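# Descriptive structure summary
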Amino acid sequence: MKSRITLFCAVLVLMLLFPSCAAQTEEITVSDFVKEAVVKWNDFSYNCTVQYNSSNVTVTVNSSNAAGVVMEYNSNNFMISYGGMIYENSNADALTGNPAQAIFGALEAVNSGNCSKKHIEGGIEFKGNCLAGDFVCSLNEDKSVKVIEYPDKNLYIEFKNA
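What comes next is a walk through the structure.

A few words now on helix H2 (residues 99–112). Taking 1.5 Å per residue, 14 residues should reach 20 Å; H2 reaches 20 Å between its end C-alpha atoms and fits that length. Most of H2 sits inside the fold, with 11 of its 14 residues counted as buried. Of the residues making up H2, those classed as buried are Pro99, Ala100, Gln101, Ala102, Ile103, Phe104, Gly105, Ala106, Leu107, Ala109 and Val110. Positioned one or two residues after H2, Gly113 has a phi angle of 80 degrees, which is positive.

Here you go:
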């Protein structure tokens, strides 16, 4: 009986001395937002407004000859509209690489924990894969989105955090 009490006390002391050894999980969730962003794809770039919530992303182009184009994506459908013309497609596989799908896929993976993460200076970096491809997503310390990049697609989206 005395040895069990001694063992229990030893384990308790070790737990108090080494709390960092306990498994710690930090739940990361990107909240709904509306932000200005710059999308760069190959040699083309434009400013846009990105509206994100857990079920949909809307990208509205604000500059370049594409100003006024609106792209929307949820996990099943893609829609693009411009000047009263609307194109819809429910075959999500056919549209990989569009910025609305790229943003939605990366943030869905981050929120579900289906990617690797590491703490970096000024925030957290996630690496993963979604329907749009392999991505790197960087969040600021306040868990706001900083950058989403798809290196294989030359797609880079930088969010303005003003």
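Next comes the rest of the write-up.
Before going further, it helps to spend a moment on the pairing of strand E11 (residues 155–159). Residues Leu155, Ile157 and Phe159 line the buried face of E11, whereas the alternating positions Tyr156 and Glu158 sit on a face that is not buried. Two elements, strand E1 (residues 33–41) and E11, share 5 bridges in a ladder whose sense is antiparallel. Bridge pairing in E11 links Ala37 to Phe159. Note: strand E10 (residues 145–150) against E11, 4 bridges, orientation antiparallel. Across the sheet, Ile148 pairs through a bridge with Ile157, a residue of E11. Hairpin connection between E10 and E11: a loop of 4 residues separates the two successive antiparallel strands, and Asn154 in this loop has a positive phi of roughly 55 degrees.

In this structure, strand E5 (residues 78–82) lies alongside strand E6 (residues 85–89), joined through 5 bridges in antiparallel fashion. Paired with Phe78 across the two strands is Asn89, which belongs to E6. Counting the residues that bridge the hairpin from E5 to E6 gives 2 residues, and of these Gly83 lies at a positive phi of roughly 55 degrees.

Right, let's talk about the sheet that holds strand E3 (residues 56–61) for a bit. One open sheet accounts for 11 strands, arranged E6-E5-E4-E3-E2-E1-E11-E10-E9-E8-E7; its pairing is antiparallel. One side of each edge strand has no neighbouring strand; the edge strands of this open sheet are E6 and strand E7 (116–120). On average, each strand axis in the sheet is inclined to that of its neighbour by 20 degrees, with strand direction left out of account. Along the sheet, H2 makes contact with E1, strand E2 (44–53), E3, strand E4 (70–73), strand E8 (123–130), strand E9 (133–140), E10 and E11, crossing E10 at roughly 115 degrees.

Any aromatic ring pair is given by two values, namely how distant the centres are and how the planes are angled relative to each other. A complete count under the given rule lists 5 aromatic pairs for this structure. With 5.8 Å between their ring centres and 85 degrees between their planes, Phe33 and Phe159 make a pair best called edge-to-face. A residue pair is termed long-range when its members are at least 10 positions apart, and Phe33 in strand E1 and Phe159 in strand E11 qualify at 126 residues. A relative accessible area of 12% means that Phe33 is categorised as buried. On the numbers, 6.0 Å between centres and 50 degrees between planes, the contact of Phe135 with Tyr150 is tilted. Here Phe135, found in strand E9, pairs with Tyr150, found in strand E10; they are 15 residues apart in sequence, far enough to count as distant. Following the ring pairs from residue to residue traces out a cluster consisting of Phe33, Tyr52 and Phe159. For Lys35, the ring lying beneath its charged end belongs to Phe33, and the centroid distance is 5.9 Å.

Moving on to the layout of surface pockets. Within this model, the largest pocket holds a volume of roughly 250 Å³. As for the largest pocket, its lining consists of 14 residues, and the residues nearest its centre are Trp41, Phe44, Tyr46, Met71 and Pro99. When contributions to the lining of the largest pocket are tallied by element, the ones reaching two or more residues are E1 and E2.

Calculation rules
- Residues numbered from 1 in each chain as written.
- Predicted model: local features only at pLDDT ≥ 70, side-chain atom pairs only at ≥ 80, totals over all residues.
- Heavy atoms only, no water.
- Helix = DSSP H or I, 4+ residues; strand = E, 2+ residues; numbered from the N terminus.
- Expected span 1.5 Å × (residues − 1).
- Buried < 20%, exposed > 50% of the residue type's maximum accessible area, 1.4 Å probe, protein only.
- Pairing = 2+ DSSP bridges.
- Axes fitted to C-alpha atoms, helices over the stretch in contact; angles between N-to-C directions.
- Contact = heavy atoms within 4.5 Å.
- Phe/Tyr/Trp six-rings, centres within 6.5 Å; stacked < 30°, edge-to-face > 60°.
- Lys NZ or Arg CZ within 6 Å of the ring centre and 35° of its normal.
- 1 Å grid on protein atoms, 1.4 Å probe; cavity = no way out; pocket = protein on both sides within 12 Å on 5 of 7 lines; lining within 4 Å.
- Points joined across faces, edges and corners; volume = space filled by probe spheres on them.

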